[in-house]
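Survey of secondary and tertiary structure
One letter stands for each residue in the lines below.
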Amino acid sequence: MSQAGAGSRDIEAPEALAALFGDQALIRVFAALDQEGEETRIVGGALRNALLGRPTHEIDLATTLLPEAVMARANAAGLRAIPTGVAHGTVTLLAGEKTFEVTTLREDIATDGRRAIVLFGRSFETDALRRDFTINALSMTRDGRLFDYTGGLDDIAARKVRFIGEPARRIAEDYLRILRFFRFSADFGDGLLDSAGRIAAIRKRDGLARLSRERIHAELLKLLSARQAATVCTEICADGLLHLLIASVPNPARLRRVVAIVPPQDPLLRLAALCVNLPEDAARLRERLRLSNAEAERLERAALALVTLHGLNEPPARGDLRGLLFRHGRQASGDAIILAEADARPGHDDEWGRARKFLLDTEEPRLPFSGADMIARGIVEGRAVGEALKELQARWIRAGFPTDPARLARLLDETPRGTT
Ligand code: ATP
Ligand code: MG
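Remember, predicted model here, so these are calculated numbers, not experimental data. (Residues numbered from 1 in each chain as written. Chains lettered and ligands numbered in written order. Predicted model: local features only at pLDDT ≥ 70, side-chain atom pairs only at ≥ 80, totals over all residues. Heavy atoms only, no water.)

**Structural notes on the overall build of the protein**
Condition: Here a helix means four or more residues in a row that DSSP labels H or I, a strand means two or more in a row labelled E, and each is numbered from the N terminus. Throughout, radius of gyration means the C-alpha value; the globule benchmark is 2.2 Å times the number of residues raised to the power 0.38. Exposure categories follow from relative accessible area, calculated using a 1.4 Å probe and restricted to protein chains: below 20% of the type maximum is buried, above 50% is exposed, and the middle band is partly exposed. The contact criterion used throughout is that any non-hydrogen atoms of two residues lie within 4.5 Å. Surface accessibility follows the Shrake-Rupley procedure with a 1.4 Å probe radius. Residue values consider only the protein chains on display as shielding. In this count, Lys and Arg are taken as positive residues and Asp and Glu as negative ones, while His and the chain termini are left out. To locate a charge, take atom NZ for lysine, CZ for arginine, CG for aspartate or CD for glutamate.
For the protein, the count of helices and strands is 21 helices and 10 strands. Scaling as 2.2 N^0.38, a compact globule of 420 residues should have a C-alpha radius of gyration of about 22 Å, whereas the protein reaches 28 Å, well beyond that. Counting only C-alpha atoms and orienting by the principal axes, one finds that the protein spans roughly 90 × 50 × 40 Å. Taken across its 420 residues, the protein has 48% of its residues classed as buried. Here the analysis covers contacts within the protein between residues at least 6 apart in sequence; of these, 65% occur between residues at least 24 apart. Entry remark: accessible area of the protein is about 19,700 Å², with carbon and sulfur atoms responsible for 51%. In the protein, 60 side chains carry a positive charge and 59 a negative one; their mean positions are 3 Å apart.

So this is what it looks like as structure tokens:
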């Protein structure tokens, strides 16, 4: 099937889509909207995901009804309607626990690379053609007829992520599509970018500077969560695009290793893999991507812990791992050990695996002494208390973080009472 303009394919929906129709909430929404010559269809991601056997998180609907009419009909049918983005035609309907985004068919008549001025229409085909990728442009009627105006079905089967129409033009309409192209290719494709899209992304790369840091943040983390994140990052790094997003020199080889070491999707760890070696790298990312405090702190702490592991080709001994846990906590130690393993020369896989497990399973050591113990030993309150406690802590760490009371009492006795 060729691209836009080749005509629609109106076929009976494949078995995979039948399950969507069992949804009672969806049946209520269709019943409310789909009458008196108006038509509503399921569109976009829900169909794509169902065809690929992926879970559907939300069902988006497109309709010939204008937003006000969607609200009126929904209210009349006892559904709650929220005018989420009426200027762009979107109303959110609540049916029971579920929400549906219902968007009036539209055509983008003017675009400035970020926003579109939209005209409402009545053609499902025109609405399909304004969408980004062929895999996102299917629509299906209430009675199970599937419409494919752009060759999306074939592309879904072949796991190809292709722009609808001419990629460079579609990118110039909305530069966010460059990042969506990377993300969808990493999630649904085999990770190798469609070459026409890839070339257009390179040619139009200056447009990335027009995207807000928040949008780059959101899309980059979605890209990093995707199955083929490492492959796509390797490609876009080679194409000179990845450093534009993160304002650092990316290390896609290290990302590949981290993904192999810990396959579960952890986008922040993957971001660290891509470009965090030192605490200042984390600080730069915080600025560049407007990371949340929690995100930035995780990266900064991981970097601080990693600094103590730089250059190791095999993991530290147990005692040192305990020290890592004590000083940096479980999350940062765990992150750092993975990054250190990814940086190490190959070999010692089992040892690294055991070190990772140790950090996960071992309780974080807590200093079993306090200032009160020092004062009880007759140390005068003030700076001397802090100094004595520091000395005691160093001895306790050297002794291997003991917990046994007799041993602790001895350590306490042996510690000098400071300069007072
Ligand atoms: P997800 O599972 O990530 O939500 P989705 O396909 O539902 O996937 P959305 O971002 O929710 O993606 O967008 C819904 C639909 O709207 C897409 O499937 C696509 O058809 C269209 N769309 C979204 N963003 C754009 C864009 N920037 N340009 C063109 N079409 C877009
Ligand atoms: Mg969606």
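**Considering the site of ligand 1**
Applicable threshold: The nearness test applies per residue and asks whether one of its heavy atoms lies within 4 Å of the molecule or strand. In protein, a polar contact means a hydrogen-donor-capable atom and an acceptor-capable atom, both N or O and within 3.5 Å, with residues adjacent in sequence counting only if both atoms are side-chain atoms; elsewhere, any N or O pair within 3.5 Å suffices. Each residue gets one label: Ala, Val, Leu, Ile, Met, Phe, Trp, Tyr, Cys and Pro are nonpolar, Asp, Glu, Lys and Arg are charged, and the others, such as Gly, are polar. Bear in mind that the domain bounds are from an automatic or database domain assignment.
Around ligand 1, the surrounding shell holds 13 residues, and the nearest of these are Arg48, Asp174, Arg177, Arg180 and Arg183. Interatomic distance of 2.7 Å between a side-chain N/O atom of Arg48 and an oxygen atom of ligand 1. Expressed as a share of its isolated accessible area of 590 Å², the protein-covered part of ligand 1 is 74%. Counting only elements with at least two residues in the shell around ligand 1, the list comes to helix 3 (45-51) and helix 8 (176-188). Broken down by element, the shell around ligand 1 gets its largest block of residues, three residues, from helix 8. Partitioning the shell around ligand 1 into residue classes produces no nonpolar, three polar and 10 charged. For the shell around ligand 1, the two domains that each supply at least three residues are domain 1 (3-158) and domain 2 (159-246).

**A short note on the packing of aromatic side chains**
Counted only if it meets this: Pairing of aromatic rings covers Phe, Tyr and Trp, the last through its six-membered ring, and needs centres within 6.5 Å; plane angles under 30 degrees mean stacked, over 60 mean edge-to-face, and all others mean tilted. Here, a charge over a ring means that NZ of Lys or CZ of Arg falls within 6 Å of the ring centre while also lying within 35 degrees of the ring normal.
Under the criterion given, the structure shown has 10 aromatic pairs. When the centroid spacing of 5.9 Å and the interplanar angle of 20° are considered together, the rings of Phe184 and Phe188 count as stacked. Residue Phe184 and its partner Phe188 are both found in helix 8; the two are separated by four residues, about one turn of the helix. Neither residue differs from the other here; Phe184 and Phe188 are each classed as buried. Taken together, a centroid distance of 5.9 Å and an interplanar angle of 55° make the contact between Phe326 and Phe401 tilted. Pair noted here: Phe326 is in helix 17 (residues 318-343) and Phe401 is in the loop between helix 20 (383-398) and helix 21 (405-414), with a separation of 75 residues, a long-range link. The residues Phe326 and Phe401 share a single accessibility class, namely buried. One residue, Arg41, lies across the ring of Phe124, its end atom 3.9 Å from the ring centre. Geometry around Phe184 places Arg183 over its ring, the cationic atom sitting 4.5 Å from the centre.

**Quick word on the side chain of Thr63**
Considering the arrangement of structural elements, one finds Thr63 in strand 3 (residues 59-63). Once residues lying within four places of it in the same chain are set aside, the contact partners of Thr63 are Glu39, Thr40, Val70, Val102, Thr103, Thr104 and Leu105.

**Some words on the nonpolar core**
Rules: Residue types Ala, Val, Leu, Ile, Met, Phe, Trp, Tyr and Cys, when buried and joined through side-chain atoms within 4.5 Å, form a set referred to as a nonpolar core.
Judged by nonpolar contacts, the single largest core of 103 residues is most densely connected at Ile42, Leu61, Leu93, Phe182, Leu271 and Leu285. Core analysis: the second largest hydrophobic core is formed by 14 residues, Phe369, Ala384, Ile397 and Phe401 among them.

**With respect to the environment of Glu166**
Residue placement: Glu166 occurs in the loop between helix 6 (152-158) and helix 7 (167-173). Of the residues examined, Glu166 reaches a relative accessible area of 46% and is grouped as partly exposed. Sequence separation of Glu166 and Ala200 is 34 residues, and the distance between their C-alpha atoms is 8.9 Å.

**Digging into the pairing of strand 3**
Formally: The pairing criterion for strands is at least two bridges between them, as found by DSSP.
In terms of residue burial, strand 3 counts as a mostly covered element, since four of its five residues are buried. Bridge count between strand 2 (residues 40-43) and strand 3: four bridges; the pairing is antiparallel. Across the sheet, residue Val43 finds its bridge partner in strand 3, namely Asp60. As defined by bridge partners, strand 3 adjoins strand 6 (residues 98-104) across five bridges and the pair is classed as parallel. Opposite Ile59, over in strand 6, you have Phe100 as the bridge partner.

**A few points about the domain arrangement of the protein**
Each assigned domain of the protein is listed here: domain 1 (3-158), domain 2 (159-246), domain 3 (262-365) and domain 4 (371-413). On a C-alpha basis, the centres of domain 2 and domain 4 stand 56 Å from each other.

**Describing helix 20**
Keep this limit in mind: By this rule the span expected of a helix is its residue count minus one, scaled by 1.5 Å.
A rise of 1.5 Å per residue sets the reference length of helix 20, with its 16 residues, at 22 Å; its end C-alpha atoms lie 23 Å apart and thus fit the reference within 8%. Every buried residue of helix 20 is listed here: Ala384, Val385, Ala388, Leu392, Trp396 and Ile397. Residues of helix 20 that are buried make contact with helix 17, helix 19 (371-376) and helix 21. One or two positions beyond helix 20, positive phi appears at Gly400, with a value near 90°.

**Describing a positive patch on the surface**
Applicable threshold: Here, patches come from residues exposed beyond 30% relative accessible area and free of salt bridges, joined within 9 Å for like charges and within 5 Å for nonpolar side chains (Val, Leu, Ile, Met, Phe, Trp, Tyr). We define a salt bridge as a side-chain nitrogen of Lys or Arg found within 4 Å of a carboxyl oxygen belonging to Asp or Glu.
On the surface, Arg114, Arg115, Arg210 and Arg215 cluster together into a positively charged patch. Along the chain, Arg115 turns up in the loop between strand 7 (106-111) and strand 8 (116-120).

**Observations concerning the pairing of strand 8**
Looking at chain direction, strand 7 and strand 8 are connected through five bridges and run antiparallel. What sits directly across from Ala110, in strand 8, is Ile117. Remark: four residues form the turn of the hairpin made by strand 7 and strand 8, two consecutive strands paired antiparallel; Gly113 in that turn has positive phi of roughly 90°.

**Here's the deal with the packing of helix 13 (residues 252-261) against helix 14 (residues 267-275)**
For clarity, the cut-off: Working convention: axes come from line fits to C-alpha atoms, limited for helices to the stretch in contact. Angles between N-to-C directions cover 0 to 180 degrees. Crossing handedness follows the turn of the near helix against the far one: under a right angle anticlockwise gives a left-handed crossing, and clockwise gives a right-handed one.
Running from N to C, helix 13 and helix 14 point in directions that differ by 145°, and their axes come no closer than 7 Å. The two elements helix 13 and helix 14 cross, and the hand of that crossing is right-handed. For the pair helix 13 and helix 14, contact is made by Pro252, Arg254, Leu255, Val258 and Val259 and by Leu269, Arg270, Ala272, Ala273 and Leu274, respectively. Each residue belonging to the contact of helix 13 with helix 14 can be placed in one class, and the counts come to eight nonpolar, no polar and two charged.

**A look at the side chain of Arg73**
When you line up the elements, Arg73 lands in helix 4 (residues 67-76). According to the relative accessible area criterion, Arg73 is buried, its value standing at 18%. Among the polar contacts made by the side chain of Arg73, one reaches the main-chain carbonyl oxygen of Leu33 at a distance of 3.1 Å. Filtering out sequence-adjacent residues up to four positions away, Arg73 remains in contact with Ala32, Leu33, Gln35, Glu36, Glu38 and Leu65.

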